[in-house]
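Listed here are the chains, written in short residue letters.
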Amino acid sequence: MGKPTFDNYFDYDQFHIDSETHGASDVLRWAYEQYEEELLYACSFGVEGIVMLDLISKVKPDAQVVFLDTGFHFQETFDLIEKVKLKYPLLRIQIKQPKLTKEEQAEKYGDKLWERQPNRCCYMRKVVPLQEVLDGATAWLSGLRREQSESRKHTNFVNLDENFHSIKICPLIHWTWDDVWNYVKKHDLPYNVLHDQGYPSIGCAPCTLPGDMLTGARDGRWANQGKTECGLHFGK
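This structure is a prediction, so every number in the text was calculated from the model and none was measured.

> Can you help me understand the packing of aromatic side chains in this one?
What describes a pair of aromatic rings is the distance from one ring centre to the other and the angle between the planes of the rings. One pass over the full model with this rule turns up eight aromatic pairs. Aromatic side chains W30 and Y35 sit 6.2 Å apart centroid to centroid with 85° between the ring planes, which places their arrangement in the edge-to-face category. With respect to class, W30 is no different from Y35; both count as buried. An angle of 65° between the planes, with centres 5.8 Å apart, marks the rings of F74 and Y199 as edge-to-face. A residue pair is termed long-range when its members are at least 10 positions apart, and F74 in the loop between β2 (64-68) and α3 (75-87) and Y199 in the segment after α7 (177-186) qualify at 125 residues. For the residue pair F74 and Y199, the accessibility class agrees, reading buried in each case. Within the aromatic cluster, the residues linked to one another by ring pairs are F45, F67 and F78.

Written out as structure tokens, the structure is:
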């Protein structure tokens with residue numbers, strides 16, 4: 001049986017946004033029914049990612065998960081990944097690295113490319129690796145929330161992703177920052193200890209500063225560079 005066209009992918013009435021998970025559980029069940037093994041989750045292992053993994057584990061315990069290892073992540077992020085593997089042993093977590101090591105990148109493009117050309121650095125170390133992973137996938141999951149930033153406030157549950165010629169499914173769009181943390185505390189989920197040190201959004205170490213933990217704003221990412229996205233979303 002062929003996959004439906006994008007125009008009739010979904011009926012929003014089937015997603016109960018007034019439920020405990022604000023529609024996320026419904027969206028995930030629908031997504032795995034539609035795509036099965038052709039669906040993967042690109043997880044950054046921030047706090048939203050932990051919520052997503054817990055929700056996914058209740059729908060598809062052996063789901064495919066990919067982490068884009070840029071070579072510049074905090075050690076605390078890798079420590080969390082090991083905790084997640086113990087808590088959800090059936091999840092198939094793939095660590096995807098770019099073609100160039102950080103040393104090879106520095107030799108070819110110069111040291112600290114992320115300071116001089118942050119978009120180029122993100123493109124080579126995040127966008128291209130995800131393109132390679134999605135080459136065999138019809139759809140992918142993301143933990144985007146509308147509240148996170150101006151550029152994300154119009155995100156839908158199901159989106160046509162022209163960047164990766166795929167379908168991007170975002171179950172957490174209606175979640176607030178408080179919703180995320182209330183869920184983590186209620187279910188006693190592991191999370192990156194850097195959140196306790198004032199980092200609401202955690203990416204590569206050279207490009208991540210503490211931010212506003214009260215609102216979860218992303219102002220600590222690429223601070224003072226006029227950049228708010230790595231290029232995986234909206235081409236920014």
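> Honestly, the packing of helix α2 (residues 47-59) against α7 in this entry has me stumped. Any pointers?
Geometrically, a packed helix pair is captured by the angle between its two axes and the distance between the axes. Interaxial distance between α2 and α7 falls to 10 Å at its minimum, and their mutual angle equals 60°. One finds that α2 runs oblique with respect to α7. In the packing of α2 onto α7, the handedness of the crossing is left-handed. On the side of α2, the interface is formed by V47, E48, V51, D54, L55 and K58, while α7 contributes W177, V180, W181, Y183 and V184. Partitioned by chemical class, the residues of the contact of α2 with α7 number eight nonpolar, no polar and three charged.

> So what exactly am I meant to see when it comes to the sheet that holds strand β6 (residues 166-169) here?
Hydrogen bonds along the backbone pair up the strands of a sheet, which may run parallel or antiparallel. Spatially, six strands are ordered β3-β2-β1-β4-β6-β5 in an open sheet, and the strand pairing comes out mixed. The two strands at the open ends of the sheet, each matched to only one other strand, are β3 (92-96) and β5 (158-161). Pairs of neighbouring strands in the sheet enclose a mean axial angle of 30°, with direction left out of account. As paired strands, strand β1 (residues 39-42) and β2 are joined by three bridges and run parallel to one another. Looking across to β2, one finds that Y41 is bridged to V65. Packed on one face of the sheet, helix α6 (residues 118-134) meets β1, β2, β3 and β4 (139-141) and runs near 160° to β2.

> Hey, could you run me through the pairing of β6 in this one?
The two faces of the sheet receive side chains in turn, since in a regular strand these alternate between them. Burial of the side chains of β6 extends over both faces: S166 and K168 are buried on one face and I167 and I169 on the other. In the sheet, β4 pairs with β6 via three bridges, with the strands oriented parallel. Bridge assignment links A139 to a residue of β6, and that residue is I167. Judged from the four bridges that link them, β5 and β6 form a sheet pairing that is antiparallel. Residue pairing across strands places V158 opposite I169, the latter belonging to β6. In this structure, the hairpin formed by β5 and β6 is closed by a connection of four residues, where H165 is found at a positive phi of approximately 50°.

Conventions and cut-offs
Residues numbered from 1 in each chain as written. Predicted model: local features only at pLDDT ≥ 70, side-chain atom pairs only at ≥ 80, totals over all residues. Heavy atoms only, no water. Phe/Tyr/Trp six-rings, centres within 6.5 Å; stacked < 30°, edge-to-face > 60°. Buried < 20%, exposed > 50% of the residue type's maximum accessible area, 1.4 Å probe, protein only. Helix = DSSP H or I, 4+ residues; strand = E, 2+ residues; numbered from the N terminus. Axes fitted to C-alpha atoms, helices over the stretch in contact; angles between N-to-C directions. Parallel < 35°, antiparallel > 145°, perpendicular 65-115°, else oblique. Left-handed = near helix turned anticlockwise from the far one by under 90°. Contact = heavy atoms within 4.5 Å. Nonpolar A, V, L, I, M, F, W, Y, C, P; charged D, E, K, R; others polar. Pairing = 2+ DSSP bridges.

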